[in-house]
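# A structural walkthrough
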Amino acid sequence: NNFGNVTRTGANASIQRFNFDNHNKSHLLKFGADIYINDKNTLSFYTTQNFFDGDGFGSTIITQNNAITTNARNVQLQENKSGTYNVNYKIDFEKEGHNLEFEANYSKTDSPEDATNSDLISPNNKELNYFNTITNNRNNTLVNLDYTNPVSKEGKLELGLEYRANNTANINLTDQTGNANSSFDYDRKIYSGYVNYGHKFGKLTMQLGARLEQYEIDGIFNQTGENTENVTDNIFSIYPSTFFTYAASEKNQWQLSYSRRVDRPNIQQVNPIREWSTPLITSIGNENLAPQFTNSLELNYTRRIKNGSLTFGTFYRKINDVISRVTYADPSDTNNVRQI
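The residue numbers shown here count from 1 along each chain, following its written sequence. Restriction of local features to residues with pLDDT of at least 70 applies here, the model being predicted, together with a cutoff of 80 or more for giving and counting side-chain atom pairs; totals for whole chains, interfaces and linings are based on all residues. Hydrogens are left out, water is left out, and the side-chain values use all remaining heavy atoms of the structure.

## Comments concerning the overall build of the chain
Under the scheme used here, helices are H or I runs from DSSP no shorter than 4 residues and strands are E runs no shorter than 2 residues, and both carry numbers assigned from the N terminus. Across its full length, the chain holds one helix and 18 strands. The proportion of buried residues among the 340 residues of the chain is 32%. Summarising the internal contacts of the chain: among those between residues at least 6 apart in sequence, 58% fall at separations of at least 24. In the form shown here, the chain has an accessible surface area of approximately 20800 Å², with 51% of it arising from carbon and sulfur atoms. Between buried and exposed lies partly exposed: a residue is buried under 20% and exposed over 50% of the maximum accessible area for its type, with that area taken using a 1.4 Å probe on protein chains only. Whether two residues are in contact is decided by their heavy atoms, any of which lying within 4.5 Å being enough. Values of accessible area rely on a 1.4 Å probe in the Shrake-Rupley scheme; residue burial ignores everything except the protein chains shown.

Below, the structure written as C-alpha cells:
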C-alpha cells in the first residue's frame, strides 16, 4: 500500500491525497547448468521465466475550501511475462589468475495493461467511466568480454569490452474525451571498453583505470493531434578512476580515490507523452534531458581495533546537469500544474 499527498497554497489552494493498493502474484521458473568441458574450459547457461499477475487499485481525493471536490478512482490489471536467457564461457590459461570470459544475456518482457478510471468532478459519483489499453514491450541485450592477466607478482591487468542495447515500445489507447492515443519507440545503445591496472609497491597499493563509452539513443514519440517528437543523442565519454591505498601499519590504513560516473535518465523521464495525471497535476517527461555526470574525490582512514575497526572519511562531489523533478504552472490551464 502506497499513499501520499500534495498541498498547494495561494489562490488555487488544494490538498490532493493519493492512495494505491496493489495485489500481486509472481511465479518464477529458473533452469540452468554448468558444463566443465575440461580443467580449463567451462560453459554455463540458464534461463529464467517469470509470470506476473498484478491488480492495482487507486484513488485521488481533492479538497478545496475544506470541501471534497473530487474523488477519482482507477483500477489497473496486468498480466506480465518475462524471460531471461544467459550463456557464459570461461577459459583459464596455464598461469594462475590468467583468464578470458565471454557472457551474453538477453531478456524480453511483455507487459500489457487494462486500466479503468474515473475523471470525476462530482465527489459523490464514483463510476469508472473511461478505459486505457496499454501494450508495453521491452527487450535488453548485454554482451561482454573480460580479460585478466597477472602480469607480475605485484601487478594485474584487466581489459574488457561491452555492448548494451535496450528497446522499449509502447502503445496507449484510450476512449477518454480530451486525451489522445499515443505511442513511442525508444532505443538505447552503449558501446564501451575498459582498462584497469593494479600494482603493489610495498605498503602502497595503486589501481588506475578508465572506461571509454559511446552512448547513442533514438526515440520516436507520437500523440494524436500533436507533432511527432524525435529524440536523438550521441555522446562519447571517458570515465577515469584512481585508487591509492597506504597501509602505514597493521592497524592504520589510508585510502585516496577519484572517480567519474554517470546517471542516465530512464524512459519515463524523457517521454514527452503524459505519464500519469490527476485532475490538478499532469506528469510528463523531458525529451531533451541530458545524462548527469558526477566527479567524486574521497579520503578515508581506517583504524583496526580489538574485535572490529573504525573508519573516518570525507568526500567532495561535483555534479553536472543534475536530474531533478520540476513543478510549474500549466500554461494551458492556470488551475493545474505540470510535473516534469
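## Observations regarding the confidence of the model for the chain
Per-residue confidence for the chain gives a mean pLDDT of 85; residues scoring 70 or more make up 88%. What pLDDT reports is the predictor's confidence in each residue, on a scale of 0 through 100. Ranking the helices and strands of the chain by mean pLDDT puts strand β5 (residues 99–110) first, with 96, and strand β18 (residues 337–339) last, with 58.

## Section: the nonpolar core
Listed in full, the ten residues of the largest apolar core are F184, Y186, I190, Y215, I217, F221, V231, I235, I267 and V270. Of all the secondary structure elements, the ones that give two or more residues to this core are β9 (182–201), β10 (204–223), β11 (229–247) and α1 (267–270). When sequence neighbours within four positions are dropped, the list of residues in contact with I235 reads E213, Q214, Y215 and P291. Among the buried residues, those of types Ala, Val, Leu, Ile, Met, Phe, Trp, Tyr and Cys that are joined through side-chain atoms within 4.5 Å form a nonpolar core.

## Notes on unusual backbone geometry
With a phi angle near 65 degrees, N307 is a residue other than glycine that sits in the positive phi range. Of note, N307 is situated in the loop between β15 (292–305) and β16 (308–320). Take N307: its relative accessible area is 79%, and that puts it in the exposed class. The residue D321 is not glycine, and still its phi comes out positive at about 55 degrees. Following the sequence through the fold, D321 ends up in the loop between β16 and β17 (327–329).

## Observations regarding the environment of E213
Tracing the backbone shows E213 in strand β10. For E213 and E162, which are 51 residues apart along the polypeptide, the C-alpha to C-alpha distance reads 9.3 Å. With sequence-adjacent residues up to four places away left out, E213 is seen in contact with I190, Y191, S192, I235, F236, S237, Y239 and R264. Of the polar contacts made by the side chain of E213, one reaches the side chain of R211; its length is 3.4 Å. Here a polar contact means two N or O atoms within 3.5 Å. Within protein one must be a hydrogen donor candidate and the other an acceptor candidate, and residues neighboring in sequence count only if both atoms are side-chain atoms. A polar side-chain atom of E213 sits 3.4 Å from a polar atom in the side chain of Y239.

## A closer look at the packing of aromatic side chains
Any two of the Phe, Tyr and Trp rings considered here, Trp counted by its six-membered ring, make a pair once their centres fall within 6.5 Å; the pair's planes then place it as stacked at under 30 degrees, edge-to-face at over 60, or tilted in between. Per the counting criterion, the structure on display carries six aromatic pairs. With 5.4 Å between their ring centres and 45 degrees between their planes, Y163 and Y191 make a pair best called tilted. Of the two residues, Y163 sits in strand β8 (residues 155–174) while Y191 sits in strand β9, which places them 28 residues apart along the sequence. For Y191, a relative accessible area of 36% gives the class partly exposed.

## So, the pairing of β15
Two strands qualify as a pair provided that DSSP identifies no fewer than 2 bridges between them. Pairing of strand β12 (residues 252–263) with β15, which is carried by twelve bridges, proceeds in the antiparallel orientation. Pairing of L256 across the sheet is with L299, part of β15. Both β15 and β16 contribute to a ladder of 13 bridges, which runs antiparallel. Among the inter-strand pairings, F293 is bridged to a residue of β16, identified as N320. Counted between consecutive antiparallel strands, the loop separating β15 from β16 contains two residues, among which N307 sits at a positive phi close to 65 degrees.

## A word on the side chain of T302
Its location among the elements puts T302 in strand β15. Here the side chain of T302 touches T311 through a polar contact of 3.3 Å, side chain to side chain. Excluding its chain neighbours within four sequence positions, the residues that come into contact with T302 are K251, N252, Q253, S309, L310 and T311.

## Some remarks on a nonpolar patch on the surface
Only residues above 30% relative accessible area that lack a salt bridge enter a patch, with like-charged residues linked at up to 9 Å and the nonpolar side chains Val, Leu, Ile, Met, Phe, Trp and Tyr linked at up to 5 Å. One speaks of a salt bridge when a side-chain nitrogen belonging to Lys or Arg is within 4 Å of a carboxyl oxygen belonging to Asp or Glu. A grouping of F31, I35, I37, F45, V87, F102, L145 and L161 is seen on the molecular surface, where their side chains present a nonpolar patch of about 690 Å² in accessible area. By secondary structure assignment, the location of F31 is in strand β2 (residues 14–36).

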